[in-house]
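# Secondary and tertiary structure notes
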Amino acid sequence: MEGTFDFYHFPISQPSRSIHLLLKLVNAPHNVHHVDLISGEHKKPAYLEINPFHTVPFLVHGDFSLSESPAIARYIISNVKCDDHWYPADLKKRARVDEFLSYHHTTIRKAGVRVAFAFYLTGFFTGKKETEEDKQAALKGLDETLAVFESYFLKSGAFIAGDEISIADLFAASEQILQADMSKKDYLASRPKVKEWLERVKEATKPHFEEVFQPFNDFVKTL
């Protein structure tokens with residue numbers, strides 16, 4: 001299927017970054033539409049006409065529209081010519097990718113978001129700051145989750161699905177782990193294996209990784 005993807009996103013949103021990065025990496029023709037979550041643009045009538053779920057990311061492709069970032073990633077790959085490693089045809093490698101995409105929402109992503117809220121977002125949205133105990137508990141929870149990540153998903157290869165990068169690695173880096181940068185803590189100090197994997201992801205996706213993450217990195221500097 002040919003045609004340009006219309007991609008609705010907000011750069012501080014973890015899943016938005018995953019999809020934006022993928023679009024660039026597979027050279028998919030796309031238009032980027034910025035939806036400002038902080039100002040509430042995602043809840044205004046104009047955007048609700050496009051996406052009744054008022055979420056990002058959201059994809060429109062001709063007369064077809066799609067929410068949920070894992071589904072969006074698979075759809076993009078199915079509609080462009082790209083290297084097999086992003087979503088491997090090999091059933092075992094593909095199953096490993098799917099396993100992680102099913103796993104991450106309530107584990108690594110949840111832990112990374114918890115850190116972001118403990119150190120910044122709770123105060124931003126409610127005006128109430130969390131205690132130092134809350135912050136340390138959030139970092140501890142993230143570290144425990146990363147211990148499982150490195151012992152299981154990184155046990156047998158350079159990347160999650162083996163020796164080549166896949167969409168699972170994009171989601172792991174973009175959505176979950178780096179969101180904890182809002183803490184401004186070295187939360188990977190005790191996880192050198194995760195840190196080494198993250199550097200491999202950045203190297204395999206350069207220069208697009210830096211481009212996609214620049215708005216988020218600039219935002220973190222203001223905190």
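So, here's what we can say about the structure. Position labels on residues start from 1 in each chain and follow its written sequence. In view of the model being predicted, local features appear only for residues whose pLDDT reaches at least 70, and side-chain atom pairs are presented and counted only at 80 or more, with totals across whole chains, interfaces and linings using the full set of residues. Here the side-chain values reflect all heavy atoms present in the structure, with hydrogen atoms and water set aside.

The next thing to look at is the overall build of the chain. Counting secondary structure elements, the chain contains nine helices and four strands. Where helices and strands are cited, they refer to DSSP runs of H or I of at least four residues and of E of at least two residues respectively, numbered from the N terminus. Ordering the α and β elements of the chain from the N terminus gives β-α-β-α-β-β-α-α-α-α-α-α-α. Radius of gyration (C-alpha) of the chain: 17 Å, near the 17 Å computed for a compact globule of 223 residues. Across its three principal axes, the chain shows a C-alpha extent of roughly 50 × 45 × 30 Å. Counting over 223 residues, the chain shows a buried share of 48%. The contact criterion used is simple: two residues touch if any of their non-hydrogen atoms lie within 4.5 Å. A sequence separation of at least 24 residues applies to 70% of the contacts in the chain between residues at least 6 apart. Two residue types count as positive, namely Lys and Arg, and two as negative, namely Asp and Glu; His and chain ends fall outside the count. By convention, the charge on Lys lies at NZ, on Arg at CZ, on Asp at CG and on Glu at CD. Taking the average place of the 27 positive charges on the side chains of the chain and the average place of its 31 negative ones, the gap between the two points comes to 5 Å. For this measure, only C-alpha atoms enter the radius of gyration; the expected value for a globule follows 2.2 Å times N^0.38, where N is the number of residues. Accessible area is worked out with a 1.4 Å probe on protein chains only. A residue is then buried under 20% of its type maximum, exposed over 50%, and partly exposed in between.

What follows is about the packing of aromatic side chains. The aromatic pairing rule takes the rings of Phe, Tyr and Trp, using the six-membered ring of Trp, and pairs them if the centres are within 6.5 Å, calling planes under 30 degrees apart stacked, those over 60 edge-to-face and the rest tilted. Following the criterion strictly, the structure yields 14 aromatic pairs and no others. Three or more aromatic residues joined by ring pairs form one cluster here, namely F100, Y103, F149, Y152, F153 and W197. In our convention, an over-ring charge means Lys NZ or Arg CZ found within 6 Å of a ring centre and within 35 degrees of that ring's normal. Against the face of F216 rests R17, its NZ or CZ located 4.2 Å from the ring centre.

The N-to-C vectors of helix α5 (residues 108-126) and helix α6 (residues 132-153) enclose an angle of 160 degrees; their axes lie 9 Å apart at closest approach. One element, α5, and the other, α6, form an angle in the roughly antiparallel class. For the element pair α5 and α6, the recorded crossing hand is left-handed. Here α5 contributes I108, A111, G112, R114, V115, A118 and F119 to the contact with α6, which in turn contributes D134, K135, A138, L139, G141, L142, T145 and F149. An axis is simply a line fitted to the C-alpha atoms; with a helix, the fit covers only the stretch in contact. Between two such axes, the angle follows the N-to-C directions and lies from 0 to 180 degrees. Convention used here: angles under 35 degrees read as roughly parallel, angles over 145 as roughly antiparallel, angles from 65 to 115 as roughly perpendicular, and any remaining angle as oblique. Definitions for this section: a left-handed crossing has its near helix turned counterclockwise from the far helix by less than a right angle. A right-handed crossing has that turn clockwise.

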